Amino acid sequence: MTRPTRTQLLIAGVVAMVIVASVAAVALTGGKHGKRAAVSTTTSTHASTTTTTAAPRPGGVIAPLTGVRDATSGAAHRPALTIKVENTPAARPQIGLDQADVIYEEVVEGQITRLLAIFQSQVPDVVGPVRSVRRTDQSVVTPIGGLFVYSGGAAYAVNSIRTAPVTLVDETRAGSAMFRDHSRQAPHNLYAHPAKLFAFGGTPVPPPHLFTYRTAHQAVPGVVVTHATVGFGGGYGVSYAWDPVHQMWDRSIFGHTDLLESGVQEAPRNVVVMFVHYDGGVGVIGSEADLVGSGDAIVFTAGHEITGRWVRPDRVRPAQFVDSAGATVRLTPGQTWVELAPTGTPVTGS
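Residues numbered from 1 in each chain as written. Predicted model: local features only at pLDDT ≥ 70, side-chain atom pairs only at ≥ 80, totals over all residues. Heavy atoms only, no water.

## A word on the overall build of the protein chain
Right, so step 1: Helix and strand counts for the protein chain come out as six helices and 23 strands.
Right, so step 2: Expressed as a percentage of its 350 residues, the buried residues of the protein chain come to 54%.
Right, so step 3: The long-range share in the protein chain, meaning contacts at least 24 apart out of those at least 6 apart in sequence, stands at 62%. (Helix = DSSP H or I, 4+ residues; strand = E, 2+ residues; numbered from the N terminus. Buried < 20%, exposed > 50% of the residue type's maximum accessible area, 1.4 Å probe, protein only. Contact = heavy atoms within 4.5 Å.)

## What about the confidence of the model for the protein chain?
Right, so step 1: Residues with a pLDDT of 70 or more make up 83% of the protein chain, whose mean pLDDT is 86.
Right, so step 2: In this model, residues 1–57 is a region of pLDDT below 50 whose contacts with residues beyond four sequence positions or in other chains number 94 contacts. (pLDDT = per-residue confidence, 0-100.)

## Looking at empty space enclosed by the protein
Right, so step 1: The tally for this structure, following the rule as stated, stands at four cavities of 30 Å³ or more.
Right, so step 2: For the second largest cavity, the calculated volume is near 130 Å³. (1 Å grid on protein atoms, 1.4 Å probe; cavity = no way out; pocket = protein on both sides within 12 Å on 5 of 7 lines; lining within 4 Å. Points joined across faces, edges and corners; volume = space filled by probe spheres on them.)

## Quick look at the environment of P244
Right, so step 1: Among the secondary structure elements, P244 is positioned in the loop between strand 13 (238–243) and strand 14 (248–253).
Right, so step 2: Owing to a relative accessible area of 51%, P244 belongs among the exposed residues under this scheme.
Right, so step 3: When the C-alpha positions of P244 and G303 are compared, they lie 7.3 Å apart, and in sequence the two are 59 residues distant.

## So, the pairing of strand 13
Right, so step 1: Looking at chain direction, strand 12 (residues 227–230) and strand 13 are connected through four bridges and run antiparallel. From the neighbouring strand, T229 faces strand 13, where its bridge partner is S239.
Right, so step 2: Where strand 13 and strand 14 come together, six bridges link them in antiparallel fashion. In the sheet register, D243 faces strand 14, and the bridge partner there is M248.
Right, so step 3: The hairpin formed by strand 13 and strand 14 contains four residues between the paired strands, and Q247 there has a positive phi angle of roughly 60 degrees. (Pairing = 2+ DSSP bridges.)

## Thoughts on the packing of aromatic side chains
Between two aromatic rings, the relevant description is the distance of the centres plus the angle of the planes.
Right, so step 1: One pass over the full model with this rule turns up six aromatic pairs.
Right, so step 2: Ring centres 5.5 Å apart and planes at 40 degrees place the aromatic pair F148 and Y150 in the tilted group.
Right, so step 3: A residue is classified by how much of its surface remains accessible, and F148, at 0% relative accessible area, is buried.
Right, so step 4: Aromatic pair F211 and F321: ring centres 6.1 Å apart, planes at 35 degrees, arrangement tilted. Placement of F211 in the loop between helix 6 (194–197) and strand 10 (212–213) and of F321 in strand 20 (residues 320–323) is noted, with a sequence separation of 110 residues between them. F321 shares its class with F211; the two are buried.
Right, so step 5: Through successive ring pairs, a cluster of aromatic residues spans W242, W249 and F300. (Phe/Tyr/Trp six-rings, centres within 6.5 Å; stacked < 30°, edge-to-face > 60°.)

## What to know about the sheet that holds strand 23 (residues 347–349)
Right, so step 1: With respect to topology, five strands assemble into an open sheet ordered 15-14-13-12-23, the strand pairing being antiparallel. Two strands in the sheet have a free side with no partner beyond their single neighbour: strand 15 (256–257) and strand 23.

## Focus: unusual backbone geometry
Right, so step 1: The linkage connecting R92 with the following residue, P93, adopts the cis geometry, with an omega of 0 degrees.
Right, so step 2: With an omega of 5 degrees, the peptide bond running from G128 to P129 counts as cis.
Right, so step 3: Of note, P129 is situated in the loop between strand 5 (113–119) and helix 3 (136–141).
Right, so step 4: With a phi angle near 65 degrees, Q111 is a residue other than glycine that sits in the positive phi range.
Right, so step 5: Classification of Q111 as partly exposed rests on a relative accessible area of 32%.
Right, so step 6: Phi is positive for A302, which is not a glycine, with a value near 50 degrees.
Right, so step 7: Tracing the backbone through its elements, the reader meets A302 in the loop between strand 18 (293–301) and strand 19 (304–312).
Right, so step 8: By relative accessible area, which is 15% here, A302 ends up buried.

## Here we look at the environment of V271
Right, so step 1: In this fold, V271 is placed in strand 16 (residues 270–279).
Right, so step 2: The class for V271 is buried, based on a relative accessible area of 1%.
Right, so step 3: In this structure the C-alpha to C-alpha distance between V271 and V338, which are 67 residues apart in sequence, comes to 6.0 Å.
Right, so step 4: Among residues more than four places away in sequence, those in contact with V271 are Y240, W249, I298, V299, F300, W337 and E339.

Okay, here's the thing in structure tokens:
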């Protein structure tokens, strides 16, 4: 049977969004964040980062990877789903990243960057392009568990991810849960259906909380900034511009706005920079970010820059973030990007 093309999937998605918007009688605000709001779930205080336009209902659960209340309680019954996503110019525009709870950006060979997009509170229809595993990945997902989805990989990288407590799904095993869009050139044309991938997960166990979040009335420490840059090498530096209206960090890469195929600009609530050592060398084939121990960290949240440290005593627990006084850094509920920046990478807030 012929698999649907990416264009057909997107058309179906647009139709679905129009129906949802009509039922909920929500007026879209227009512009990049208006489009984001049309496909996200509303909460009383974070209206632009949830999964449906329906009004919030009493009850529900707090999604463990975003700190946002999930009125459907779906987050109480799903494991984490981590998908390796390509980040080169040939991979663009990417699909589905605006619905990820957390995205890690790591340095791989040639100093290009690759993404680990983690889904749990939201289940987009399509995500991609999906690419191969790297050694760093096992350290990222070990405390998170759930499923790990990738196209394939070199033997040393596959052997590495097999040490993590995750269910592995590659292109060979995925069946209809992945498909090739033949309107794009391989290998940049592999896409995944998260809803089908969750079926590989067995007994659903939600992941632990990775971050601590502020309440609506807690003050934000640090220095007020409107721009942040992370100077990855090889031309992969990224910048974030604070949008005080929508309370998001508008992301840019390669000198351009980071737009997804839907036309939505990628714009997280938080940007967490972890300065890490890459064993084997930065950008060297087979290198691995050392994510156990401690190091410097910078957190950009709510229009502020907070300098501090990350601390992770062992692989089985996630990193904790503290400010220069040793107090826990509290993030804004919503999507978080974690930048695994090599030690010495220029990072600035202004």
